[in-house]
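Architecture and fold: a report
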Amino acid sequence: MESLISQLESIVGTEYLISTEAELKAFNQGTFPHKNFNNIVVQPENTEQVIAIVKAVNIYNTEQSDAQNKTAIHTVSSGKNWGYTAQEPSCNNAILMQLSRLTTIERYDHKQGTITVSAGVTQQQLFNFLQKNDGKFWMDATGSSPQCSIIGNTMERGFGHTPYGDHFDKVCGLEVILADGSVINTGFKQFTKNNIQPVAADCYKWGIGPYIDGLFTQSNFGIVTKMTLWLMPKPEHFEAFFISIKDAAKFPALIDALQPLKLSGVIKSSAHIGNDHKAIQALSFYPWKKANGQTPLPDTIKDQLKKQYMVSTWSVSGAFYGTKAEVKVWKKILKNAVGGIADDVKFINQSTLNLAMKMKSVLTFVTGIDFNTNIPLLEKVFKLKQGVPTTYFIPSTYWRKKMQPKPNQTLDPTQDNVGLLWLAPIAPIDGAHVQRMVDIINTTQIKYGFEPALSITLLTERTLDCVISLVYDRDIEGEDIKAIACHDELFESLTSEGYFPYRLSSHAHKAYEKIDSSLLTHIKAIKQHIDPNDVLSPNKYGI
């Protein structure tokens, strides 16, 4: 290993190889318990260094006669995939390769709205680039950190808020480093010669022959170092909509009313739906004193907070993008569709938002409702639907922390021992399916002492995603054990009824391997063929 470390150091430089126990601590912290740890961290500057690192580790593993002496590379981009995994590796004693220094943005096509980014490019960096370059196109942003990687989220098939919210659906032309250090380009980019690529390489994703891009998502088949991203044209008119209901019994009917609008394309955005617990966690911190240390949150206190912040039982947020005439028609269709179900339907444009921001203190004084808190939340949701990254929602993960974050504090849930674990099952857009999932989730989370904070996203024309958040304080003894037990029971209960998650936390990878999958055996065979020395993230997604 000393020889390998020396070789890696010569590739990236002393400053970008971390191997001391004190320095490694920050790279081995997560938001839930994990058993695997990084032994070395390397931070390459470019694709050439990534290739050199992979080749060095592959040769090292080839030379080891004893399997116990082998090592492996676990790759992250920014390492802020909080709640699913941070930087904890899929195998123990790993070499963590962090790609945050690969920040090239290139090939921006002002006409077609395509752009090529490297693995370290963050949401904020891409947003800033687009703002400086005419602002004709919008990106899609998640509600996570602005410092999260675009490629990292896309490779886990993450999603955001705009009509381009299904991220993997809007990319093509991957540059991938395989386990032997060879480079492949997908789609038409495979035919690139002398740095000249086919003219449609950035705007036609299928290429010729088998489409293989999906093999590199949620897998350990290769390291994606570049990707072409499709951007959304800035619309002539943008207007957000907000729908709320007070009666939980009406929720399935609301889902069924929205379903044909999503299927027909009236609603193009990835509409988000949150329950009262989710909204309260975005607006405040756990009232430990008022609750006398009791968990989960007592209903009496929940009702007080709902009144204080004007929170409904379920709230929907989405947006319309188009001409003024189109948006006018869509607003009328939406209002007619939910009119007999919803308690309130609001449409917000930039002018009404500006007025609300200006009047929030007066409204708070007159009504007693905390508009000083809930209108800034409205503003951030409004901006997210325009592809503007924000840090606003990160404090919600500190909901149960007894030591609340200070104003303007740079937040990192892993460093602050925040407990956060996600589970995100998928279902058709159907009220009966949603109600069945909600019943399972509410019963299970309350049983383990957690608030059932749920957000549901109308993700595609036909499917929705239900994101379950287990939020807690890791500094409280026993909370880790409860969270893992709750997650595992939810996973078992939901999958046994056909509700499978669209992505997994690192904790759940072994659970996936245990499920009777007709594909996994063949997937493992592919892995054995292209990575016989187990160089890249062995055991990730059970592979």
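Throughout what follows, the structure given in this document is the object of discussion. All values derive from a computational prediction rather than experimental measurement.

Our next topic: the overall build of the chain. A tally of helices and strands in the chain yields 15 helices and 19 strands. Computed over the C-alpha atoms, the radius of gyration of the chain is 24 Å, within 12% of the 24 Å expected from 2.2 N^0.38 for a compact globule of 543 residues. Considering only C-alpha atoms, the chain reaches an extent of 70 × 55 × 45 Å along its principal axes. Across the chain, contacts joining residues at least 24 apart in sequence account for 71% of those joining residues at least 6 apart. A total of about 23800 Å² of accessible surface is found on the chain, and carbon and sulfur atoms cover 52% of it. Looking at the chain, you have 53 positive and 53 negative side-chain charges, and the mean spots of the two groups are 8 Å apart.

Position of S505 among the secondary structure elements: in the loop between α13 (479–496) and α14 (509–514). Given a relative accessible area of 1%, S505 falls into the buried group. Ignoring any residue separated from it by four or fewer positions in sequence, one finds S505 in contact with F32, G83, Y84, L421, W422 and H487.

Take the sheet that holds strand β10 (residues 223–230) next. The strand order β5-β6-β10-β8-β9 describes an open sheet built from five strands, whose pairing is antiparallel. Among the strands making up the open sheet, the edge pair consists of β5 (105–109) and β9 (183–185). When strand polarity is set aside, the average angle formed by the axes of neighbouring strands in this sheet is 15°. In the sheet, β5 pairs with strand β6 (residues 114–118) via three bridges, with the strands oriented antiparallel. The residue bridging I105 from the neighbouring strand is V117, located in β6. The sheet strands contacting helix α3 (residues 47–63) are β8 (171–177), β9 and β10, and the helix crosses β8 at an angle near 45°. Relative to β5, helix α4 (residues 123–132) is tilted by about 45°, and along the sheet it contacts β5, β6 and β10.

The grouping of L355, M359, V362, L363, F365 and V366 at the surface amounts to a nonpolar patch, some 600 Å² of accessible area in total. In this structure, L355 sits in helix α10 (residues 350–367). L355 gets classed as exposed once you look at its relative accessible area, which sits at 52%.

I243, F251, L258 and L334 are the most contacted members of the largest nonpolar core, which has 147 residues in total. When sequence neighbours within four positions are dropped, the list of residues in contact with L334 reads F241, I243, L258, L261, I267, F320 and F347. Listed in part, the six residues of the second largest apolar core include I18, L24, V41 and L96.

It is worth spelling out the environment of K331 at this point. Examined against the element boundaries, K331 turns out to sit in helix α9 (residues 324–338). K331 sits in the partly exposed class, given a relative accessible area of 22%. K331 sits 237 residues away from A94 along the chain, and the two C-alpha atoms are 53 Å apart.

Definitions and cut-offs
Residues numbered from 1 in each chain as written. Predicted model: local features only at pLDDT ≥ 70, side-chain atom pairs only at ≥ 80, totals over all residues. Heavy atoms only, no water. Helix = DSSP H or I, 4+ residues; strand = E, 2+ residues; numbered from the N terminus. Rg over C-alpha atoms; globule rule 2.2 N^0.38 Å. Contact = heavy atoms within 4.5 Å. Areas by Shrake-Rupley, 256 points an atom, 1.4 Å probe, with all protein chains shown as cover. Lys, Arg positive; Asp, Glu negative; His and termini not counted. Charge placed at Lys NZ, Arg CZ, Asp CG, Glu CD. Buried < 20%, exposed > 50% of the residue type's maximum accessible area, 1.4 Å probe, protein only. Pairing = 2+ DSSP bridges. Axes fitted to C-alpha atoms, helices over the stretch in contact; angles between N-to-C directions. Patch = residues over 30% accessible without salt bridge, like charges linked within 9 Å, V, L, I, M, F, W, Y side chains within 5 Å. Salt bridge = Lys/Arg side-chain N within 4 Å of Asp/Glu carboxyl O. Core = buried A, V, L, I, M, F, W, Y, C linked by side-chain atoms within 4.5 Å.

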